[in-house]
Amino acid sequence: MTYSTLKKDSLAFSLLGAAQAIALVRDGAALPQALTQVFAQSAAPAPTRGAIQDIAYRTMRGIGRAETLLGNLASRPPEPTLLHCLLCAALCLLADVDDPAYENFTVVNQAVTAVSSDPQMAHAKGMVNAVLRRFLRERDALVAVAVKTPFGLWNYPVWWIDRMKAAYPQQWQAILTAGNTAPPLTLRVNRRKTSVAAYLETLASHAITARQIGPDAIRMDTAMPMAQIPGFEDGLASVQDAAAQLAAPLLDLQDGMRVLDACAAPGGKTCHILETAEVDLTALDNNPKRLQRITQNLQRLQLEAKLQLGDASVGSQGDDWWDGQLFDRILADVPCTASGIVRRHPDIRWLRRKTDTEQLATLSAKILDNLWQMLRPDGKLLLVTCSVWPQESEAQAVAFAARNNARRLPAPGQLLPTADAGQDHDGLFYALFQKC
Ligand SMILES: C[S@@+](CC[C@H](N)C(=O)[O-])C[C@H]1O[C@@H](n2cnc3c(N)ncnc32)[C@H](O)[C@@H]1O
């Protein structure tokens, strides 16, 4: 693929970059990593990177409908894959009549320009022009046909839609809809350095409007890059969803406690715990790269924890990463399918396989049983997942309590992702246990 003939600030350049990222996701890459690769290869300047990212995220949210439309518009599947992805990205932009990012004619012209610039796709410029123009002429009728299929209507794999219906017969449509909305930017105010009221004033002095939606949580009215968040580098605030900010208060922390954050990276909840109380905290993760991200977050916020590389599913005999001393509190934010945070990570639905849930639930059960051995009598363990699949969440909690005779304490349980103004959070699950 060549970007060389395209202007770096053109929509053609951004469409091509987004198409390449989408093609990488189709090959199994996570979208953030795919975008990092595209940014490096294309040497896109910052504003263009923003445009590529925006188009790629929009496309991940709308690709079910785009592929359905394309199936009805093109006489045969477009080849190569990059061409297919570019057409899907252009169709997503043209189909979004509620929030159009570009003029229709610009999208069509620039898609043709992008295709013409690439020797592998140039043969298809006439087809791209014809398909996109026909879509614009017959948009309502074509969309009406596409949304007759669940895939074209909801933009999720069919197994995902079926499973959501079975798990939440009343709310499945609202949950799927919430997963297709762009998430708000939610911050956690660092109470060690400032207060919510004072930080809201700081924002107001920068003409930024926001409102409080939790004890430390504020929702920005408009999203912005992290680097532009006032006081971010000085550790006044961190980016964290409102639901994720429930973990630290639920742990019922007191100064001096020994706390284990067992699946800690990148450290969002680790840092919130340390902002909340003076505790002796061990942050464990089995992924060395992700562990580095905890270090970066701790440094920015000027907090301290013992970082430990290790496997949370082994070690309760004091023979691995654990020194054998019991913990007062354990946070088990276990690995899961992340089915509750698809609005922030719209690629997840396309990357997961149906069988992942069972595999991850089995691993998490092993982690939980192991961690339970490390908890002192009367101590508390908080299970967290960012999944809405009951197998990973409520069913997991029930089975764990039964296996270990654990006392269940009040906790929010399954938070369903919604996108209404008063209750905006991701789909996390919380269960709290006490050792008898
Ligand atoms: C849901 S994420 C944790 C998010 C984190 N608590 C936060 O709030 O920023 C799950 C983490 O578990 C880690 N993990 C997966 N399997 C693990 C294991 N067997 N032992 C320790 N960590 C594990 C992953 O590397 C990942 O960083």
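Cut-offs and rules
Residues numbered from 1 in each chain as written. Predicted model: local features only at pLDDT ≥ 70, side-chain atom pairs only at ≥ 80, totals over all residues. Heavy atoms only, no water. Helix = DSSP H or I, 4+ residues; strand = E, 2+ residues; numbered from the N terminus. Rg over C-alpha atoms; globule rule 2.2 N^0.38 Å. Contact = heavy atoms within 4.5 Å. Areas by Shrake-Rupley, 256 points an atom, 1.4 Å probe, with all protein chains shown as cover. Lys, Arg positive; Asp, Glu negative; His and termini not counted. Charge placed at Lys NZ, Arg CZ, Asp CG, Glu CD. Pairing = 2+ DSSP bridges. Axes fitted to C-alpha atoms, helices over the stretch in contact; angles between N-to-C directions. 1 Å grid on protein atoms, 1.4 Å probe; cavity = no way out; pocket = protein on both sides within 12 Å on 5 of 7 lines; lining within 4 Å. Points joined across faces, edges and corners; volume = space filled by probe spheres on them. Nonpolar A, V, L, I, M, F, W, Y, C, P; charged D, E, K, R; others polar. Buried < 20%, exposed > 50% of the residue type's maximum accessible area, 1.4 Å probe, protein only. Arc of directions from axis to C-beta. Near = heavy atom within 4 Å. Polar contact = N/O pair within 3.5 Å; in protein donor to acceptor, adjacent residues only side chain to side chain. UniProt positions renumbered as here; feature names shortened; annotations may be inferred.

1. So, the overall build of the protein chain
Within the protein chain, the secondary structure is distributed over 17 helices and 11 strands. A compact globule built from 436 residues should have a C-alpha radius of gyration of about 22 Å, and the protein chain, at 24 Å, falls within 12% of that. For the C-alpha atoms alone, the extent of the protein chain along its principal axes is close to 70 × 50 × 40 Å. Nonlocal contacts in the protein chain, meaning residues at least 24 apart in sequence, comprise 71% of its contacts between residues at least 6 apart. Surface accessibility of the protein chain: about 19,100 Å² in total, with carbon and sulfur atoms responsible for 52%. For the protein chain, the separation between the mean place of its 43 positive charges and that of its 43 negative charges on side chains is 5 Å.

2. Side note on the sheet that holds strand β8 (residues 327-333)
If you trace the 7 strands from one edge of the open sheet to the other, you get β7-β6-β5-β8-β9-β11-β10, paired in mixed fashion. Where the open sheet ends on each side, the last strands, each with one partner, are β7 (306-309) and β10 (407-414). Here the strands of the sheet are splayed against their neighbours by 15° on average, with no regard to which way each runs. By the bridge criterion, 6 bridges tie β8 to strand β9 (residues 375-385) in an arrangement that is parallel. Counterpart to A332 in the pairing with β9 is L383. Sheet contacts for helix α16 (residues 356-372): β5 (258-261), β8, β9 and β11 (429-434); angle to β9, the most-contacted strand, approximately 160°. Where helix α17 (residues 394-404) meets the sheet, its contacts fall on β9, β10 and β11, and the angle it forms with β11 comes to roughly 10°.

3. So, empty space enclosed by the protein
Taken as a whole and assessed by the stated rule, the structure comprises 1 cavity of 30 Å³ or more. Partitioned by chemical class, the residues of the lining of the largest cavity number 8 nonpolar, 3 polar and 1 charged.

4. With respect to the layout of surface pockets
Reported here for the second largest pocket is a volume of approximately 190 Å³. Taken together, A74, S75, R76, P77, P78, E79, L83, H123, A124, M127, A130 and V131 make up the full set of residues lining the second largest pocket. Taken together, the residues that form the lining of the second largest pocket break down as 8 nonpolar, 2 polar and 2 charged.

5. Regarding helix α11 (residues 196-205)
Taken together, the buried positions of α11 are V196, Y199 and L203. The buried residues of α11 all sit within an arc of 65° when viewed along its axis, so they share a single face. Exposed and facing more than 90 degrees away from the buried side of α11 are A197, E201, A204 and S205. Those residues of α11 that are buried are in contact with β1 (186-189), β2 (210-212), β3 (217-220) and β4 (237-239). Where α11 ends, the next residue or the one after it, A207, has phi of about 60°, a positive value.

6. A word on the site of the ligand
For the ligand, the set of nearby residues contains 18 residues, the closest of which are D285, R290, D311, A312 and D333. Between an oxygen atom of the ligand and a main-chain N or O atom of A265, the distance comes to 3.1 Å. One nitrogen or oxygen atom from the main chain of G267 is found 3.2 Å from an oxygen atom belonging to the ligand. Considering the ligand on its own, with 600 Å² of exposed area, one finds that the protein chains cover 87% of that surface. For the shell around the ligand, the class distribution of residues is 8 nonpolar, 5 polar and 5 charged.

7. Some words on the UniProt feature "binding site: S-adenosyl-L-methionine" (unreviewed entry) in the protein chain
As annotated in UniProt, the feature "binding site: S-adenosyl-L-methionine" (unreviewed entry) corresponds to C263, A264, A265, P266, G267, G268, K269, D285, D311 and D333 in the numbering used here. If you trace the backbone, A264 turns up in the loop between β5 and α13 (268-276). Exposure remark for A264: the relative accessible area of 5% places this residue in the buried category. Apart from residues lying up to four places away in sequence, A264 is in contact with T270, A283, L284, D285 and I294.

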